[in-house]
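Analysis of the macromolecular model
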Amino acid sequence: MARITPMDQGFQVDAELIAEGLGLPPAEVTQRMRDGRITSRCEKGMGEDEGRWRLTFYSGGRALRLTIGPDLDILSRASFDA
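Below is a summary of the structure that appears in this document.

Rules used in this analysis
Residues numbered from 1 in each chain as written. Predicted model: local features only at pLDDT ≥ 70, side-chain atom pairs only at ≥ 80, totals over all residues. Heavy atoms only, no water. Helix = DSSP H or I, 4+ residues; strand = E, 2+ residues; numbered from the N terminus. Rg over C-alpha atoms; globule rule 2.2 N^0.38 Å. Contact = heavy atoms within 4.5 Å. Areas by Shrake-Rupley, 256 points an atom, 1.4 Å probe, with all protein chains shown as cover. Lys, Arg positive; Asp, Glu negative; His and termini not counted. Charge placed at Lys NZ, Arg CZ, Asp CG, Glu CD. Pairing = 2+ DSSP bridges. Axes fitted to C-alpha atoms, helices over the stretch in contact; angles between N-to-C directions. Buried < 20%, exposed > 50% of the residue type's maximum accessible area, 1.4 Å probe, protein only.

**Some details on the overall build of the protein chain**
Secondary structure summary: the protein chain contains 2 helices and 6 strands in total. Relative to the 2.2 N^0.38 estimate, which gives 12 Å for 82 residues, the radius of gyration of the protein chain is 12 Å and therefore close to what a compact globule would have. Each principal axis of the C-alpha atoms in the protein chain carries an extent, and together these give about 35 × 25 × 20 Å. Looking at the protein chain alone, contacts between residues at least 24 apart form 24% of all its contacts between residues at least 6 apart. Of the accessible surface of the protein chain, which amounts to about 5,400 Å², a share of 47% is contributed by carbon and sulfur atoms. Counting 11 positive and 13 negative side-chain charges, the protein chain places the averaged centre of each group 5 Å from the other.

Listed below in structure tokens is the structure:
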């Protein structure tokens, strides 16, 4: 099963992947996104980074950043205090 799926307005990312990066139980991710406790940002690479995307998720002072390539493979991931 794909962990990241392209959509019309960005990407759909599996809740388990987000939960793992933010240190949350997977069952909480959907609810936290609905009520605004998890927010996200999607950035398209330009120039040398053309074809790459940076997806960042924020929750409770933590962040998960995923960089994905044109084939939707995760090129890098980082979790950090935000």
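**With respect to the environment of E16**
As for its placement among the helices and strands, E16 is situated in helix α1 (residues 15-22). Residues E16 and R34, spaced 18 residues apart in sequence, show a C-alpha to C-alpha distance of 16 Å. Not counting residues up to four positions away in its chain, the partners in contact with E16 are R3 and P26.

**Topic: the sheet that holds strand β4 (residues 53-59)**
Taken in spatial order, the 4 strands line up as β3-β4-β5-β6 in an open sheet, and their pairing is antiparallel. Whereas interior strands pair on both sides, the edge strands pair on one side only; in this sheet they are β3 (39-44) and β6 (74-81). If you compare each strand with its neighbour and ignore which way they point, the axes differ by 15° on average. Bridge analysis of strand β5 (residues 62-68) against β6 gives 7 bridges, and the strand direction is antiparallel. Pairing of A63 across the sheet is with F80, part of β6. Across the sheet, α1 is in contact with β4, β5 and β6; its angle to β5 comes to roughly 130°.

**Describing α1**
The set of residues buried in α1 consists of L17, I18, A19, G21 and L22. Tucked into the core, α1 has its buried residues touching β1 (4-7), β2 (10-13), α2 (26-34), β4, β5 and β6. Positive backbone phi, at 70°, marks G23, one or two positions downstream of α1.

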